[in-house]
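What the coordinates show
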Amino acid sequence: MTKKNAPTIKDVAREAGVAVGTVSKVINGRNVRQPYRQKVEDAIRKLNYEVNTYARGLKIRKSNLIALIIPNTLNPFFAAFTDHVEAALYEKGYKTLLCCADGDPDKEIAYLTMAMQNKVDGVIALTYSDIGSHIADGFPIVVLDRFFENRVIPRVASDNFSGGCLAVEKLLEFGCRHPVYIRFHSVFPGESDKRKDGYLHACEKYGLKPDFLDEVDNPDASSMLLDFLNRHRRPDGSLTFDGVFAHTDYHGYMFLNLLRQEGYRVPEDVQIIGFDGIRKFGGEQESLFISSICQPVRQLASKCVELVLAEDRSSVPSLTLLPTRYEYGGTTRKQREI
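Residues numbered from 1 in each chain as written. Predicted model: local features only at pLDDT ≥ 70, side-chain atom pairs only at ≥ 80, totals over all residues. Heavy atoms only, no water.

1. Considering the side chain of Arg-146
What counts, and what does not: We count a stretch as a helix when DSSP gives it H or I for four or more residues in a row; a strand needs E for two or more, and each element gets its number in order from the N terminus. Exposure categories follow from relative accessible area, calculated using a 1.4 Å probe and restricted to protein chains: below 20% of the type maximum is buried, above 50% is exposed, and the middle band is partly exposed. Pairs of residues are marked as contacts when any of their non-hydrogen atoms sit within 4.5 Å.
Here Arg-146 lies in the loop between β4 (141-144) and β5 (155-158). Judged by its relative accessible area of 7%, Arg-146 is buried. Excluding its chain neighbours within four sequence positions, the residues that come into contact with Arg-146 are Leu-126, Thr-127, Tyr-128, Arg-155, Ser-186, Phe-188, Pro-189 and Gly-190.

Structure below.
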């Protein structure tokens, strides 16, 4: 049959010699005696019958579809998170509706509205705007990292505060005496802001003077990093710092390239630790771009899926934190080198 004359559920029932209700039960996974089930399945294969999942979803108020709203898939961290979310959802019988919003608040709200209007069963979001007022009460949604002033929405995040402390402790362990912190951040608050809190806490704990570059995300980051470097350059060319904790691997990698362009050796002159655990070629066993405080991306994705699918919404915690870990990536000294 052509698409125009695609078989209907009545055609399947007629071919199988059973009632339409029996076909419906088979399609919806309800109990049917094996001889009748076999007849229906044979008829479905013979007629190449395709279930209209959208119409079925409207009828049973369940689409088995979860919307994932992320900034983009160009950033390796977002790409890895997307891959793990899709795999975790598929394992549980759900499909993924991917929405890349580019950090644009209007696009995020448009995608969120579209998702709710199209009756998805929930939303997992990594947003850069306050979307709380646009979410219907009781609608299943879980966000990664961000929080909203006007709504309590379940959040999943890495333990950014402990990760910030760990970065400083590792730099000190590897021989640094004056670690600095560099950050380019979103104007919207999130759990990742606590990386700076961890840095400041570690400085106080170990008697260090805080020294940092802290700016809002902007296209002039490279020149700001160079200006920061020049302000810390002594007349003889040496630097006043010997360690860098970067808010993300991306900016840590930018600073690594700048240092090398300016003639400094990494890790001999300056050691760098980033945050995220971004890997070359995306594989979990691939090497890192820089030494990093690694987020548990697969576990973050799995936890988001678990919470958005939770049947009892009252049992979902407002915040779930997962631990980070340090991993060597070539921009710190190995312990035996100290």
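2. Here we look at the pairing of strand β1 (residues 65-70)
Spelled out, the test is: Consider the strands pointing away from the viewer: the crossover is right-handed when the path from the first strand over the helix to the second runs clockwise. DSSP bridges decide pairing: two strands pair if at least two such bridges lie between them.
Taking burial as the measure, the six residues of β1 include five buried ones, the bulk of the element. As for the winding sense of the linkage, the β-α-β connection from β1 through helix α5 (residues 76-91) to strand β2 (residues 95-100) is right-handed. In this sheet, strand β3 (residues 122-125) lies alongside β1 in parallel orientation, the contact comprising four bridges. Residue pairing across strands places Ile-69 opposite Ala-125, the latter belonging to β3.

3. Some words on the nonpolar core
To keep things clear, this is the line we draw: Among buried residues, the Ala, Val, Leu, Ile, Met, Phe, Trp, Tyr and Cys ones that are joined through side-chain atoms within 4.5 Å form a nonpolar core.
By size, the foremost hydrophobic cluster in this structure holds 27 residues, and its most contacted members are Phe-81, Val-85, Ile-124 and Leu-144. Dropping the residues within four chain positions of it, Ile-124 is found in contact with Ile-66, Ala-67, Leu-68, Ile-69, Phe-81, Val-85, Val-142, Cys-304, Val-305 and Val-308. Among the nonpolar cores identified, the runner-up in size contains 22 residues, and Phe-184, Phe-228, Ala-246 and Met-254 belong to it.

4. Focus: the state of the cysteines
Two cysteines form a disulfide when their sulfur atoms are joined by a covalent bond. Condition: Working definition: a disulfide is two cysteine sulfur atoms within 2.5 Å of each other.
Taken as a whole and judged by the stated rule, the model has zero disulfides. Not engaged in a disulfide, the cysteine Cys-203 finds its nearest cysteine sulfur in Cys-165; these two sulfurs lie 9.6 Å apart.

5. Focus: the packing of helix α1 (residues 9-16) against helix α2 (residues 20-27)
This is how the line gets drawn: Note on definitions: angles span 0 to 180 degrees between N-to-C directions of axes, and those axes are lines fitted to C-alpha atoms, for helices only across the stretch in contact. Working rule for angles: under 35 degrees goes down as roughly parallel, over 145 as roughly antiparallel, 65 to 115 as roughly perpendicular, anything else as oblique. Residue polarity is assigned by list, with Asp, Glu, Lys and Arg as charged and Ala, Val, Leu, Ile, Met, Phe, Trp, Tyr, Cys and Pro as nonpolar; anything else, Gly included, falls into the polar class.
Close contact between α1 and α2 brings their axes to 8 Å; oriented N to C, the two are set at 105°. Judged by the angle between their axes, α1 and α2 are roughly perpendicular. Listed contacts from α2 to Ile-9, Lys-10, Val-12 and Ala-13 of α1 are Val-20, Val-23, Ser-24 and Ile-27. In the contact of α1 with α2, the residues fall into six nonpolar, one polar and one charged.

6. Here we look at the pattern of salt bridges
So the rule is basically this: Criterion for a salt bridge: a side-chain nitrogen of Lys or Arg within 4 Å of a carboxyl oxygen of Asp or Glu.
All told, the structure shown has 20 salt bridges when counted by the stated rule. Here Glu-191 and Arg-155 are joined by a salt bridge, their closest N and O atoms 2.6 Å apart. Here Glu-191 is found in the loop between β6 (179-185) and α8 (194-205), whereas its partner Arg-155 is found in strand β5, with 36 residues between them in sequence. Looking at Glu-191, the relative accessible area reads 2%, which means it is buried. Each member of the salt-bridge network shares a partner with another, and the members are Arg-183, Asp-193, Lys-196 and Asp-214.

7. As for the pairing of β6
With seven of seven residues buried, β6 is to be regarded as a mostly interior element. Two elements, β6 and strand β7 (residues 212-216), share five bridges in a ladder whose sense is parallel. Among the inter-strand pairings, Tyr-181 is bridged to a residue of β7, identified as Phe-212. Regarding topology, α8 serves as the crossover connection from β6 to the parallel β7, and that connection is right-handed.

8. Section: the packing of aromatic side chains
The condition is simple: Put simply, two rings from Phe, Tyr or Trp (the six-membered ring, in Trp's case) pair if the centres are within 6.5 Å, and we call them stacked under 30 degrees between planes, edge-to-face over 60, tilted for the rest. Only lysine NZ and arginine CZ atoms are considered, and such an atom sits over a ring when it is within 6 Å of the ring centre and within 35 degrees of the ring normal.
Across all of its chains, the model carries eight aromatic pairs by this definition. When the ring of Tyr-253 is compared with that of Phe-289, the centres are 5.5 Å apart and the planes differ by 70°; the resulting orientation is edge-to-face. Here Tyr-253, found in helix α10 (residues 249-261), pairs with Phe-289, found in the loop between β9 (271-276) and β10 (292-294); they are 36 residues apart in sequence, far enough to count as distant. Taking relative accessible area as the criterion, Phe-289 reaches 31% and is therefore assigned partly exposed. The ring of Phe-275 has Arg-195 sitting right over it, with the charged end atom 3.8 Å from the ring centre. The ring of Phe-289 carries the charged tip of Lys-280 above its face, separated from the ring centre by 5.9 Å.

9. Here we look at α1
Those residues of α1 not exposed but buried are Asp-11, Val-12, Ala-13 and Ala-16. In this structure, the buried residues of α1 make contact with α2 and α3 (34-47). Two residues or fewer after α1 comes Gly-17, characterised by a positive phi angle close to 75°.

10. Quick notes on the side chain of Asp-11
Among the secondary structure elements, Asp-11 is positioned in helix α1. What Asp-11 contacts, discounting residues up to four positions off in sequence, is Ala-6 and Leu-47.

11. Let's talk about the sheet that holds β3
Reading across the sheet, the six strands line up as β2-β1-β3-β4-β5-β11 and stay open at both edges, with parallel pairing between neighbours. In this open sheet, the two edge strands, each paired with only one partner strand, are β2 and β11 (319-322). If you compare each strand with its neighbour and ignore which way they point, the axes differ by 20° on average. Pairing between β1 and β2: six bridges, direction parallel. Residue pairing in the sheet places Ile-69 in a bridge with Cys-99 of β2. Sitting on the sheet, helix α6 (residues 105-117) is in contact with β1, β2, β3 and β4, with an inclination near 155° to β2.

Coordinates in, geometry out; function isn't part of it.
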